[in-house]
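# Commentary on secondary and tertiary structure
These are the residues of each chain, in order.
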Amino acid sequence: MKFFIDTADTAEIRELASTGLLDGVTTNPSLIAKSGRDFIEVIEEICEIVPGPVSAEVAATDHETMLAEGKRLARIAPNIAVKVPLTPDGLKTCKVLSGEGTMVNVTLCFSPGQAILAAKAGASFVSPFVGRLDDISTPGMELIADICQIYSQYPDFETEVLVASIRHPMHVIEAARMGAHVATMPGSVIRQLFSHPLTDKGLAAFLADWAKTGQSILGKDGAKDDKKAPSRGQG
Ligand code: G3P
């Protein structure tokens with residue numbers, strides 16, 4: 001399963017990219033507004049930090065302008081995925097851009113029927129919003145199960161299920177159980193995935209016991225001792 005971060009905060013993207021566990025980035029107009037930065041400039045910077053897909057969303061609602069905006073965004077870097085809304089004009093734009101070899105992420109998906117349309121339009125990604133469905137007392141993860149099951153019936157569908165609007169680690173775990181290809185989430189959820197109280201407790205106990213031994217793995221001279229280490233096969 002691929003992990004994308006859902007933010008336009010480049011400091012946070014850099015921090016999590018350094019773990020080597022980040023496969024891509026998603027942004028949307030709300031996240032760009034939150035960053036307070038110039039849209040094109042921030043997307044350029046993100047594309048330099050993360051080699052995987054970086055979603056950048058069009059702002060127009062009519063096909064002609066969406067297409068022009070999509071082409072402008074696609075010129076930023078080869079790893080741009082142009083994000084279009086799940087509307088007739090959005091899907092028309094998706095079909096054209098996908099046909100030209102540009103990755104497209106169809107966003108604001110709230111039903112299995114919409115997800116079928118996104119796949120037929122050649123989207124690289126479809127983004128069902130689980131948290132926003134949960135917010136209105138409709139089980140968001142049931143939509144993911146439906147889409148994964150439907151897509152699995154059609155091996156020629158190349159669209160990846162990108163679970164969006166994730167609120168907590170259980171959304172990620174359930175999405176992985178269902179075989180969703182990608183989860184995009186805030187940095188806070190990625191950090192929560194790392195965390196377990198028994199890991200913290202166990203590590204504290206190991207460190208306390210290690211301190212009692214008075215030993216150092218790197219020796220008094222620290223990493224410099226590496227040079228003295230015999231190479232494999234020489235004893
Ligand atoms: O980027 C799309 C999606 O992840 C937004 O999430 O939390 O605003 O519903 P949220």
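This structure is a prediction, so every number in the text was calculated from the model and none was measured. (Residues numbered from 1 in each chain as written. Predicted model: local features only at pLDDT ≥ 70, side-chain atom pairs only at ≥ 80, totals over all residues. Heavy atoms only, no water.)

## Describing the nonpolar core
Ile13, Ile43, Ile80, Val106, Tyr151, Val163 and Ile166 are the most contacted members of the largest nonpolar core, which has 58 residues in total. The leading source of residues in this core is helix 8 (residues 140–152), at six residues. Those residues in contact with Val106 that lie beyond four places of it in its chain are Val84, Pro85, Leu86, Leu91, Cys94, Ala118, Ala123, Phe125, Val126 and Ser127. Membership of the second largest hydrophobic core comes to seven residues, among which are Phe4, Phe125, Phe129 and Leu162. (Core = buried A, V, L, I, M, F, W, Y, C linked by side-chain atoms within 4.5 Å. Buried < 20%, exposed > 50% of the residue type's maximum accessible area, 1.4 Å probe, protein only. Helix = DSSP H or I, 4+ residues; strand = E, 2+ residues; numbered from the N terminus. Contact = heavy atoms within 4.5 Å.)

## Regarding the state of the cysteines
For the coordinates displayed, the defined rule picks out zero disulfides. No disulfide involves Cys148; its sulfur sits 11 Å from that of Cys109, the nearest cysteine. (Disulfide = S-S within 2.5 Å.)

## A few points about the packing of helix 4 (residues 63–74) against helix 5 (residues 88–99)
With their axes 9 Å apart at the nearest point, helix 4 and helix 5 run at an angle of 45° to one another. The angle between the axes of helix 4 and helix 5 places the two elements in the oblique class. Both helix 4 and helix 5 take part in a crossing whose hand is right-handed. Residues His63, Met66, Leu67, Gly70 and Lys71 of helix 4 form the contact with helix 5, whose own contacting residues are Asp89, Gly90, Lys92, Thr93, Val96 and Leu97. Of the residues contributing to the contact of helix 4 with helix 5, the split by class is four nonpolar, four polar and three charged. (Axes fitted to C-alpha atoms, helices over the stretch in contact; angles between N-to-C directions. Parallel < 35°, antiparallel > 145°, perpendicular 65-115°, else oblique. Left-handed = near helix turned anticlockwise from the far one by under 90°. Nonpolar A, V, L, I, M, F, W, Y, C, P; charged D, E, K, R; others polar.)

## Points about the layout of surface pockets
As a volume, the largest pocket reaches approximately 240 Å³. Lining the largest pocket are 16 residues, and of these Asp6, Asn28, Leu31, Arg132 and Ser165 sit closest to its centre. Its residues assigned to classes, the lining of the largest pocket shows six nonpolar, six polar and four charged. Roughly 150 Å³ of volume is contained in the second largest pocket. Lining the second largest pocket, in full, are Asp6, Thr7, Ala8, Asp9, Glu12, Leu31, Lys34, Ser35, Arg37, Pro186 and Gly187. By residue number, the principal contributor to the lining of the second largest pocket is helix 2 (residues 29–35), which donates three residues. Taken together, the residues of the lining of the second largest pocket sort by class into three nonpolar, three polar and five charged. (1 Å grid on protein atoms, 1.4 Å probe; cavity = no way out; pocket = protein on both sides within 12 Å on 5 of 7 lines; lining within 4 Å. Points joined across faces, edges and corners; volume = space filled by probe spheres on them.)

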